[in-house]
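Below, each chain spelled out in residue letters.
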Amino acid sequence: MTRAVFFDVDGVLVDGYHARPEAQQHRWNANLQADLGIDPERFQQEFIYDIFMKKVIIGQTSLVEALERRLPALGYNGSTMTVLNYWLSHDSAINQPVLDVVRQLGARSDLRLYIATNQEHLRANWLWSHLGFAALFEDMFYSARIGALKPHQDYFDFIEKRIGPQIEPPLLFDDTPKVIDGARRAGWEAIQFDTVQDLTSHPWIAARLD
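This structure is a prediction, so every number in the text was calculated from the model and none was measured. The numbering scheme is per chain: residues are counted from 1 as the chain's sequence reads. Local features are withheld for residues below a pLDDT of 70 in this predicted model, meaning they are given only at 70 or higher, and side-chain atom pairs are given and counted only at 80 or more; totals for whole chains, interfaces and linings count all residues. Based on all heavy atoms of the structure, the side-chain values leave hydrogens and waters out of the count.

**Quick look at the side chain of serine 92**
Turning to step 1, where the next piece is worked out: Here a helix means four or more residues in a row that DSSP labels H or I, a strand means two or more in a row labelled E, and each is numbered from the N terminus. Along the chain, serine 92 falls in the loop between helix 4 (80-90) and helix 5 (96-106).
Turning to step 2, where the next piece is worked out: Residue burial is assigned from relative accessible area. The probe radius is 1.4 Å, only protein chains are included, and a residue is buried under 20% of its type maximum, exposed over 50%, and partly exposed in between. Judged by relative accessible area, which is 15%, serine 92 ranks as buried.
Turning to step 3, where the next piece is worked out: Counted as a polar contact is a pair of N or O atoms within 3.5 Å, where, for protein atoms, one must be capable of donating a hydrogen and the other of accepting one, and residues adjacent in sequence contribute only when both atoms are in side chains. A distance of 2.5 Å separates a polar side-chain atom of serine 92 from the backbone oxygen of leucine 88.

**Section: the pattern of salt bridges**
Turning to step 1, where the next piece is worked out: What counts as a salt bridge is simple: a side-chain nitrogen of Lys or Arg found within 4 Å of a carboxyl oxygen of Asp or Glu. Taken as a whole and judged by the stated rule, the model has 15 salt bridges.
Turning to step 2, where the next piece is worked out: As a salt-bridge pair, glutamate 138 and arginine 112 come within 2.6 Å of each other at their nearest N and O atoms. Placement of glutamate 138 in the loop between helix 6 (121-130) and strand 3 (139-142) and of arginine 112 in strand 2 (residues 111-117) is noted, with a sequence separation of 26 residues between them.
Turning to step 3, where the next piece is worked out: Under the relative-accessibility criterion, glutamate 138 is labelled partly exposed at 45%.
Turning to step 4, where the next piece is worked out: With a relative accessible area of 26%, arginine 112 lands in the partly exposed category.
Turning to step 5, where the next piece is worked out: When the shortest N-O distance is used, the salt bridge between arginine 145 and aspartate 139 registers 3.0 Å.
Turning to step 6, where the next piece is worked out: Taking relative accessible area as the criterion, arginine 145 reaches 31% and is therefore assigned partly exposed.
Turning to step 7, where the next piece is worked out: Since its relative accessible area comes to 22%, aspartate 139 is described here as partly exposed.
Turning to step 8, where the next piece is worked out: Bridged by salt links that share partners, the residues Arg3, Glu168 and Glu189 form one connected network.

**Some words on the pairing of strand 4 (residues 171-174)**
Within a regular strand, the side chains alternate between the two sheet faces.
Turning to step 1, where the next piece is worked out: Covered by surrounding structure in strand 4 are Leu171 and Phe173 together with Leu172 and Asp174, the residues of both alternating faces.
Turning to step 2, where the next piece is worked out: Here the rule is simple: two strands pair whenever DSSP picks up at least two bridges between them. Direction of pairing for strand 4 relative to strand 5 (residues 189-192): parallel, over a ladder of four bridges. Residue pairing for strand 5: leucine 171 is matched across the bridge by glutamate 189.
Turning to step 3, where the next piece is worked out: For the crossover that starts at strand 4, traverses helix 9 (residues 177-185) and ends in the parallel strand 5, the hand is right-handed. Think of it like this: strands point away, you trace from the first strand over the helix to the second, and a clockwise trace means the crossover is right-handed.

**A closer look at the packing of aromatic side chains**
Turning to step 1, where the next piece is worked out: We call Phe, Tyr and Trp rings a pair once their centres come within 6.5 Å, taking the six-membered ring for Trp, and we label the pair stacked below 30 degrees between planes, edge-to-face above 60, and tilted otherwise. Throughout the structure, instances matching the rule amount to 18 aromatic pairs.
Turning to step 2, where the next piece is worked out: Their ring planes at 45° and their centres at 5.7 Å tell us that tyrosine 114 and phenylalanine 141 sit as a pair that is tilted. Of this pair, tyrosine 114 sits in strand 2 while phenylalanine 141 sits in strand 3, and the two are 27 residues apart along the sequence. The exposure classification of tyrosine 114 matches that of phenylalanine 141, with both residues buried.
Turning to step 3, where the next piece is worked out: On the numbers, 6.4 Å between centres and 75° between planes, the contact of phenylalanine 141 with phenylalanine 158 is edge-to-face. One end of the pair, phenylalanine 141, is in strand 3; the other, phenylalanine 158, is in helix 8 (residues 153-163), and 17 residues separate them in sequence. The residues phenylalanine 141 and phenylalanine 158 share a single accessibility class, namely buried.
Turning to step 4, where the next piece is worked out: By way of ring pairs, the aromatic residues Phe6, Tyr114, Phe141, Tyr155, Phe156, Phe158 and Trp188 are connected into one cluster.
Turning to step 5, where the next piece is worked out: Counted as over-ring charges are cases with an Arg CZ or a Lys NZ within 6 Å of the ring centre that also lie within 35 degrees of the ring normal. Stacked on the ring of tryptophan 204, the Lys or Arg arginine 3 has its end atom at 5.2 Å from the ring centre.
Turning to step 6, where the next piece is worked out: Note that arginine 162 overlies the ring of phenylalanine 158, its terminal NZ or CZ placed 3.9 Å from the centroid.

**Re the sheet that holds strand 1 (residues 3-7)**
Turning to step 1, where the next piece is worked out: If you trace the five strands from one edge of the open sheet to the other, you get 3-2-1-4-5, paired in parallel fashion. Here the strands that pair on one side only, and so sit at the sheet edges, are strand 3 and strand 5. Within the sheet, the average angular offset between the axes of one strand and its neighbour, ignoring direction, is 25°.
Turning to step 2, where the next piece is worked out: Contacting strand 1 and strand 2, helix 5 runs over the sheet at an angle of about 145° to strand 2.
Turning to step 3, where the next piece is worked out: By definition, residues are in contact when any of their heavy atoms lie within 4.5 Å. Each axis is a line fitted through C-alpha atoms, taken for helices only over the stretch in contact, and angles between the N-to-C directions span 0 to 180 degrees. Most of the contacts of helix 6 go to strand 3, to which it runs at about 160°, and overall it touches strand 2 and strand 3.

Structure (structure tokens):
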């Protein structure tokens, strides 16, 4: 029998946003002001918190539509697509040690690899196709597709219906404590991820690495 193993994106597969700010290695918007004239703090407060996390990331509003509405208020009157491309391309710092482990695991027949992440549609497609996650994982379960965020029970219920009955509980590596708690309430085994050692030292995973 195979076991389903899940990986979060930001803070695990990608060195972007991390649940613990002190552990964050890469900020996609570090040069946003210099490059596009958009204040990153205002963007975070007035777009990410006010629109993105409330509507876009669960698929109720498209990212392009939301950017079109809010960018002028942030003092940006250029191309929305320029901002979108900047965001996607700068928020793509692969956590290579983790991907190396994923590739090793992918050679085995006793597990199935998946992504479990809070994403909107465009970035999910970018991760899947442009960053090559499609070659490493069987499927990507993301919040805009599901219509619910981790750690809501509906999120985990959706996944379980897609992957079918499991002999062993799904195994999730995630950097967000509340997601860890939610996954455990759903009956999953969930591991707090800070560094690649949290992955490689897990007994079930370690037994399957060369």
